[in-house]
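# A look at the structure
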Amino acid sequence: LASEQPDLMMLLDWSAEADLELFSGLVASVFDTITGDRARERWREPLERAAATGPASGWVLTKVRLAAAVAARERGATLHLVDVALDADTEGSARFAGWLYSTCAVLDGIQRPSPDWRPKAERIAAELRASPEPEIRDLATVVDAFLLLLEDRFDEAARTFEAAIEHGGQSWAAETPIYMVGDCHLFAGRLDAALTAYARGLTDAHEKSSRINMGFQAEGIVAVLIDLGRHEAALEALGASDSLTGEQVRPRN
């Protein structure tokens, strides 16, 4: 979809005014490829309309609500959408619930979960593991890894993310964890390991032309360099990150 971005943006602009149902479906389908907060803020008002009174339902409505929360920069507010996914009609998709859980964790900057999150996460993981499809079962490992990271169990989280990478093949379950291993090592104070993991993630994101994940990994490298006391190198790396990602990607806190 990267090569279709200009046409996609035009279609979203048109449907935001002319066809809210089409707009909602498009947002749900291409949420991950509409890169950066600035792009999402472009449709903040129609996203809010679609989330509140639009024709969307089920998983489409949930993704529209998530996009609206991101566009409004309601970082903490996105966590409650896991409840929406579990309680609303998500067409019985444990895969979608797993995706939403992991995405909310990333969007919220790895905030600490409430005590009732573990049973919810375990419920999602159990549903994923019960799937006859290996690609869906692999998502359970991703959910496990995010929960370990949220609980500051950094060593276990790193090992679990690596397991997801090893067994996930070319699926989403392998694609997302490669960008999280660096954080596990950084938070644990293993700076050399973090730098290696971020470099691997940055290479992967570059090969996939993913600006968001390029910025995500580059900013991790900046954090490592700061902790190492290499402030000039950190400043250069931050400048390189800005050049790579452009204005569409907001820096992490």
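My aim in this report is to walk through the structure given alongside it, one point at a time. (Residues numbered from 1 in each chain as written. Predicted model: local features only at pLDDT ≥ 70, side-chain atom pairs only at ≥ 80, totals over all residues. Heavy atoms only, no water.)

What follows concerns the overall build of the protein. Along the protein, the regular secondary structure elements total 15 helices and zero strands. The contacts in the protein between residues at least 6 apart in sequence include a share of 59% that link residues at least 24 apart. For the protein, the exposed area adds up to about 12,200 Å²; of that, 52% sits on carbon and sulfur atoms. (Helix = DSSP H or I, 4+ residues; strand = E, 2+ residues; numbered from the N terminus. Contact = heavy atoms within 4.5 Å. Areas by Shrake-Rupley, 256 points an atom, 1.4 Å probe, with all protein chains shown as cover.)

To continue, consider the environment of Glu45. With respect to the helices and strands, the residue Glu45 is situated in helix H4 (residues 44–53). On the accessibility criterion, Glu45 (41% relative accessible area) is partly exposed. For the pair Glu45 and Ala71, spaced 26 residues apart in sequence, the C-alpha to C-alpha distance is 9.1 Å. Looking at Glu45, its side chain comes within polar contact range of the side chain of Arg49, at 2.7 Å. (Buried < 20%, exposed > 50% of the residue type's maximum accessible area, 1.4 Å probe, protein only. Polar contact = N/O pair within 3.5 Å; in protein donor to acceptor, adjacent residues only side chain to side chain.)

What follows deals with the nonpolar core. In terms of nonpolar packing, the biggest core is built from 21 residues, with Leu12, Phe23, Val27, Trp43, Leu47, Val60 and Val64 touching the most fellow members. Within the second largest apolar cluster, 20 residues are counted, among which are Phe154, Ala164, Ala197 and Met214. (Core = buried A, V, L, I, M, F, W, Y, C linked by side-chain atoms within 4.5 Å.)

A few words now on the packing of helix H1 (residues 5–18) against helix H2 (residues 20–30). It is the contact of H1 with H2, at a shortest axis distance of 7 Å, that shows an interaxial angle of 140 degrees. In terms of their interaxial angle, H1 and H2 are classed as oblique. Here H1 and H2 pass one another in a crossing that is left-handed. Taking contact as the criterion, the partners of Leu8, Leu11, Leu12, Trp14, Ser15, Ala16 and Ala18 in H1 are, on H2, Leu20, Leu22, Phe23, Leu26, Val27 and Val30. The class makeup of the residues in the contact of H1 with H2 is 12 nonpolar, one polar and no charged. (Axes fitted to C-alpha atoms, helices over the stretch in contact; angles between N-to-C directions. Parallel < 35°, antiparallel > 145°, perpendicular 65-115°, else oblique. Left-handed = near helix turned anticlockwise from the far one by under 90°. Nonpolar A, V, L, I, M, F, W, Y, C, P; charged D, E, K, R; others polar.)

Once that is clear, we can look at the pattern of salt bridges. Scanning all chains against the criterion turns up nine salt bridges. Ionic pairing is found between Arg200 and Glu162, a salt bridge with its closest N-O pair at 3.0 Å. Here Arg200 is found in helix H13 (residues 191–207), whereas its partner Glu162 is found in helix H10 (residues 154–167), with 38 residues between them in sequence. According to the relative accessible area criterion, Arg200 is partly exposed, its value standing at 31%. With relative accessibility at 31%, the residue Glu162 sits in the partly exposed group. (Salt bridge = Lys/Arg side-chain N within 4 Å of Asp/Glu carboxyl O.)

Next up on the list: the environment of Asp242. In this fold, Asp242 is placed in helix H15 (residues 231–245). For Asp242, a relative accessible area of 42% puts it in the partly exposed group.

With that settled, the discussion passes to H13. Because each turn of an α-helix spans 3.6 residues, side chains separated by three or four positions in sequence point in the same direction. Given a rise of 1.5 Å per residue, 17 residues ought to cover 24 Å, and the 24 Å separating the end C-alpha atoms of H13 matches this to within 8%. The set of residues buried in H13 consists of Leu191, Ala194, Ala197, Tyr198, Gly201, Asp204 and Ala205. Around the axis of H13, the buried residues are gathered within 145 degrees of arc, so they sit on the same side. Turned more than 90 degrees off the buried face of H13, the exposed positions are Asp192, Thr196, His206 and Glu207. Residues of H13 that are buried make contact with helix H12 (181–187) and helix H14 (211–227). Backbone geometry just after H13 places Ser209 at a positive phi near 55 degrees. (Expected span 1.5 Å × (residues − 1). Arc of directions from axis to C-beta.)

Attention now moves to a nonpolar patch on the surface. Taken together, the side chains of Leu11, Trp14 and Leu22 make up a nonpolar region of the molecular surface, amounting to roughly 270 Å² of accessible area. For Leu22, the location among the structural elements is in helix H2. Accessibility expressed as a relative area gives 33% for Leu22, which makes it partly exposed. (Patch = residues over 30% accessible without salt bridge, like charges linked within 9 Å, V, L, I, M, F, W, Y side chains within 5 Å.)

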